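Understanding the architecture of this molecule
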Amino acid sequence: MNQQYHTPIDDLLVKYLLREATPEEKQVVETWLNASPDNRHYYEQLQLIWDKSIHLTPSPLIESEGEEEKAWQTLRKKLNKPARPRPVIPLPWAMAAAAAILLPILFFTFFGWPGGNQPLQTLSSNNRIVRDTLPDGTLVTLNIHSTLTHPKKFNHRNVQLQGEAFFQVAADKAHPFQLAANGVTVTVLGTAFNVLTDSMTTQISVESGRVRVANSNGAIEIGAGESITLGSTDRQLQKHASPILIHHYYQPRVFVCNETPLGQLTEALQNAYGVPIVIEDGALSKQPVSVTFRDERLDRILSILTQTLKITSTKRGDSILLKK
Amino acid sequence: MITNAIYKKAITQPLTMEWDDAETIRLLKSRDEEVFGQLFKAHFKPLRQYAFTFVQEQQVAEDIVQTIFFKLWERIEVLNFSDSVPAYLYRAVYNESLNALKHNKVRRLYQSWLHRTMNHQTDSAHRKLHQDELEKRLHKAIAGLPQQCRTIFQMSRFEGLRYQEIGTRLGISPKTVENQMSKALRILRARLIEFLPGIALFLTSLISHSNH
């Protein structure tokens with residue numbers, strides 16, 4: 001019996017097993033089964049797999065009446081947000097008319113739009129972290145695989161982000177710095193804050209100063225040491241205390257701990273180095289540590305931690321286990 | 001060609017009526033929001049269920065469905081549906097779910113480890129009772145099936161759908177469902193062969209057969 005390749009009997013056996021077989025097909029299968037003990041054994045193995053797999057059925061989801069409609073309304077709002085206004089290009093127009101339009105466009109391209117529609121510039125990072133200064137003096141650290149769109153000239157400071165970035169915003173009370181990401185607007189006067197977006201969540205953490213976070217549900221102000229996380233459907237504006245050091249991890253791997261619980265540090269470390277770090281007991285993970293690591297290798301960090309905290313670190317499979 | 005009104009009715013009930021994929025694609029590409037909304041509503045629950053088998057969290061599964069439809073609408077004009085629209089949707093959910101898992105992998109590893117340690121005592125007994133080695137391997141093997149194969153197998157096993165229903169839902173022929181189902185079981189058997197009862201049990205079953 002060939003185990004790897006398709007045989008016509010497999011289709012029939014599975015149909016028989018799933019009670020999809022016609023009476024004629026049943027007949028064929030039963031004859032085949034009785035032809036040899038090997039055949040029956042083969043079938044019983046398929047049957048066992050089929051019977052066992054029912055135990056893996058995921059638990060049923062909580063369903064409610066009309067939730068498709070609700071979910072659709074949520075999606076519709078997102079679809080209709082004019083994120084990128086479509087340019088209307090009047091192709092069939094006569095040349096003279098085209099020139100009449102093109103000239104002002106060229107003018108504004110070089111000298112800036114009078115109103116909101118300024119020419120935009122894009123800053124992208126691929127596999128490495130990018131640090132840059134925006135035209136207004138704001139320092140931005142763009143995490144890998146992130147894109148920031150900003151106006152070429154900062155008549156006003158509206159930027160858009162995909163991915164993750166840390167901003168140290170240049171103070172300018174007359175022109176608030178505004179960032180849009182995933183339908184959330186963050187307004188800033190002068191502050192340092194981090195924004196992380198992906199297809200599902202938007203997370204804003206503030207290091208210093210205050211920012212105002214707004215979405216379709218309203219607005220909230222968050223200050224230093226606070227953060228907010230919004231899901232694509234869960235859009236409740238609710239702030240929580242932020243582990244301040246977290247966003248430093250993608251800046252050249254700097255971890256500043258000041259009486260920081262060990263558990264928070266290891267969480268940042270595992271995000272930065274991609275290695276799961278597990279602390280054996282709860283008390284140890286609450287142990288405060290005060291230390292600064294700059295661009296250290298993970299094994300060096302672990303060796304410093306184990307020596308100062310008098311703990312041990314062992315490799316277990318892919319992860320690292322810390323214990324007393 | 002069917003009129004839009006009848007057609008729109010048809011796609012809201014994809015399980016019971018035949019539907020015309022070329023026509024859906026034409027309407028979608030013309031950015032008919034109503035058709036798009038009906039497509040979304042018709043597939044929302046099954047797709048969420050499908051995503052859930054990967055991510056194990058209802059909210060995350062729901063976000064995944066929202067995300068793939070959002071992306072679909074963004075790129076609708078340039079998309080090339082090589083097979084049917086539903087097959088495209090399931091493939092998109094599959095890819096998005098794997099992405100979400102990759103993204104959360106580290107956090108998840110840690111959390112599941114925590115969970116296991118915290119519930120160590122009760123859990124290990126519970127696990128022994130309910131999930132033996134074969135089941136664990138089986139779980140992995142199902143997760144490793146090719147996309148279409150896995151989708152069809154899960155619909156058949158977890159949702160109890162007939163070949164015909166799966167075919168209609170995915171916009172493919174029952175013959176394809178049949179091939180994919182036997183492919184799934186063949187792959188699972190090959191991957192689990194060491195854990196399946198060998199000749200010993202087979203002999204006892206022979207004896208019990210001859211006794212009857």
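A brief structural summary. (Residues numbered from 1 in each chain as written. Chains lettered and ligands numbered in written order. Predicted model: local features only at pLDDT ≥ 70, side-chain atom pairs only at ≥ 80, totals over all residues. Heavy atoms only, no water.)

As a further point, take the pairing of strand 3 (residues 139–142) of chain A. Residue and element names in this part refer to chain A. Both strand 2 (residues 130–133) and strand 3 contribute to a ladder of four bridges, which runs antiparallel. Looking at strand 3, one finds that aspartate 132 is bridged to valine 140. Hairpin remark: strand 2 followed by strand 3, antiparallel, with five residues in the connecting loop; positive phi at glycine 137, about 100 degrees. (Pairing = 2+ DSSP bridges. Helix = DSSP H or I, 4+ residues; strand = E, 2+ residues; numbered from the N terminus.)

Residues and elements named next belong to chain B. Where helix 3 (residues 33–55) contacts helix 9 (residues 147–158), the two axes come as close as 11 Å, and the packing angle between them is 105 degrees. When the axes of helix 3 and helix 9 are compared, the pair comes out roughly perpendicular. Residue-level inspection shows Tyr50, Thr53 and Phe54 of helix 3 in contact with helix 9, the latter providing Gln147, Arg150, Thr151, Gln154 and Phe158. Of the residues belonging to the contact of helix 3 with helix 9, the class tally is three nonpolar, four polar and one charged. (Axes fitted to C-alpha atoms, helices over the stretch in contact; angles between N-to-C directions. Parallel < 35°, antiparallel > 145°, perpendicular 65-115°, else oblique. Contact = heavy atoms within 4.5 Å. Nonpolar A, V, L, I, M, F, W, Y, C, P; charged D, E, K, R; others polar.)

Chain B puts 62 residues into the contact, and the matching count from chain A is 63 residues. Summing both sides of the interface, chain B and chain A together bury roughly 6100 Å²; the carbon and sulfur share of this comes to 61%. Here chain B is connected to chain A by nine salt bridges. One salt bridge connects Arg48(B) with Glu67(A), and the closest N-O pair in it is separated by 3.0 Å. Linking chain B with chain A are 12 residue pairs in polar contact (both at pLDDT 80 or more), by the criterion used here. When the residues that make up the side of chain B that touches chain A are grouped by side-chain class, the tally is 30 nonpolar, 16 polar and 16 charged. (Buried area = accessible area lost by both parts, 1.4 Å probe. Salt bridge = Lys/Arg side-chain N within 4 Å of Asp/Glu carboxyl O. Polar contact = N/O pair within 3.5 Å; in protein donor to acceptor, adjacent residues only side chain to side chain.)

The next point concerns the pattern of salt bridges. Residues and elements named next belong to chain B. What the rule picks out here adds up to 17 salt bridges over all chains. Note that arginine 31 and glutamate 77 form a salt bridge whose closest N and O atoms lie 2.8 Å from each other. Here glutamate 77 lies in the loop between helix 4 (58–74) and helix 5 (85–103) and arginine 31 lies in the loop between helix 2 (21–29) and helix 3, a separation of 46 residues in the sequence. Classification of arginine 31 by relative accessible area gives partly exposed; the value is 24%. The class for glutamate 77 is partly exposed, based on a relative accessible area of 41%. The partner of arginine 48 in a salt bridge is glutamate 62, and the shortest N-O contact between them spans 3.3 Å. (Buried < 20%, exposed > 50% of the residue type's maximum accessible area, 1.4 Å probe, protein only.)

A separate point is the environment of Cys257(A). Residue and element names in this part refer to chain A. By the secondary structure assignment, cysteine 257 is in strand 15 (residues 254–261). Here cysteine 257 falls in the buried class, since its relative accessible area comes to 5%. For the pair cysteine 257 and phenylalanine 293, spaced 36 residues apart in sequence, the C-alpha to C-alpha distance is 8.6 Å.

To continue, consider the sheet that holds strand 4 (residues 147–151) of chain A. Residue and element names in this part refer to chain A. As summarised here, the arrangement of the seven strands in space is 1-4-5-7-8-11-12, forming an open sheet in which the pairing is mixed. In this open sheet, the two strands that pair with only one neighbour each are strand 1 (120–124) and strand 12 (218–223). The average undirected angle you get between the axes of adjacent strands in this sheet is 20 degrees.

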